[in-house]
Amino acid sequence: MDLVAFALILIFAGFALIVLSLLVAALRSGEEERGKAEAGGVVLIGPVPIVFGTSEGITKLTLILAVALTAMALLIFLLPIFR
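So, how was this worked out
- Residues numbered from 1 in each chain as written.
- Predicted model: local features only at pLDDT ≥ 70, side-chain atom pairs only at ≥ 80, totals over all residues.
- Heavy atoms only, no water.
- Helix = DSSP H or I, 4+ residues; strand = E, 2+ residues; numbered from the N terminus.
- Buried < 20%, exposed > 50% of the residue type's maximum accessible area, 1.4 Å probe, protein only.
- Contact = heavy atoms within 4.5 Å.
- 1 Å grid on protein atoms, 1.4 Å probe; cavity = no way out; pocket = protein on both sides within 12 Å on 5 of 7 lines; lining within 4 Å.
- Points joined across faces, edges and corners; volume = space filled by probe spheres on them.
- Nonpolar A, V, L, I, M, F, W, Y, C, P; charged D, E, K, R; others polar.
- Pairing = 2+ DSSP bridges.
- Patch = residues over 30% accessible without salt bridge, like charges linked within 9 Å, V, L, I, M, F, W, Y side chains within 5 Å.
- Areas by Shrake-Rupley, 256 points an atom, 1.4 Å probe, with all protein chains shown as cover.
- Salt bridge = Lys/Arg side-chain N within 4 Å of Asp/Glu carboxyl O.
- Polar contact = N/O pair within 3.5 Å; in protein donor to acceptor, adjacent residues only side chain to side chain.
- pLDDT = per-residue confidence, 0-100.

For the rest of this paragraph, the subject is the environment of Glu38. With respect to the secondary-structure elements, Glu38 resides in the loop between helix 1 (3–28) and strand 1 (40–45). Take Glu38: its relative accessible area is 43%, and that puts it in the partly exposed class. Once the C-alpha coordinates of Glu38 and Thr54 are considered, the two residues, 16 residues apart in sequence, prove to be 5.9 Å apart. For Glu38, the contacting residues outside a window of four places in its chain are Thr54, Ser55 and Ile58.

Put into structure tokens, the structure is as follows:
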């Protein structure tokens, strides 16, 4: 598979996940029970992830996702070397 095609597939998959998460959040907002909101994020500066979150659980989840994202980025960067 061409590397450009793989990158485009990843971009479209990301947009699809964003749209899906917005739809799920909109459908859940109509429920009577209100839950506690949690937020977290990852900022990648080069290969170094900076992880933040509002609770320990969401921070651990974003840390796991950051490690997976960093490994995937390193794999994509190193893929042409191993060809």
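Moving on, we get to the layout of surface pockets. Space inside the largest pocket adds up to approximately 370 Å³. Taken together, Glu38, Ala39, Gly40, Gly41, Val42, Ile58, Leu61, Thr62, Leu65, Ala66, Ala68 and Leu69 make up the lining of the largest pocket. Elements that contribute at least two residues to the lining of the largest pocket include exactly strand 1 and helix 2 (56–78). Take the lining of the largest pocket: its biggest share by element is seven residues, from helix 2. Class assignment of the residues belonging to the lining of the largest pocket gives a composition of eight nonpolar, three polar and one charged.

We now examine the side chain of Thr70. Mapped onto the secondary structure, Thr70 falls in helix 2. Relative accessible area serves as the criterion here: at 13%, Thr70 is assigned to the buried category. Sequence-distant contacts of Thr70, that is, excluding residues within four places in its chain, are made with Leu44, Pro47 and Pro49.

Below, the discussion takes up the pairing of strand 2 (residues 48–53). Across six bridges, strand 1 lies against strand 2 in antiparallel orientation. Along strand 2, the bridge assignment pairs Leu44 with Pro49. Taking the residues between adjacent antiparallel strands as the criterion, strand 1 and strand 2 are bridged by two residues, where Gly46 takes a positive phi near 70°.

Attention now moves to a nonpolar patch on the surface. A cluster of nonpolar side chains, namely Val4, Leu8, Ile11, Phe12, Phe15, Ile18 and Leu22, defines an oily patch on the protein surface of about 740 Å² accessible area. With respect to the element layout, Ile11 can be found in helix 1. A residue is classified by how much of its surface remains accessible, and Ile11, at 44% relative accessible area, is partly exposed.

Placed 21 residues apart in sequence, Thr70 and Pro49 show a C-alpha to C-alpha distance of 7.4 Å. For Thr70, the side chain forms a polar contact with the main-chain oxygen of Ala66, separated by 2.8 Å.

So, on to the confidence of the model for the protein chain. Averaged over every residue, the pLDDT of the protein chain is 84; residues scoring 70 or more account for 90%. The least confident element of the protein chain is strand 1, whose mean pLDDT is 84; the most confident is helix 1, at 89.

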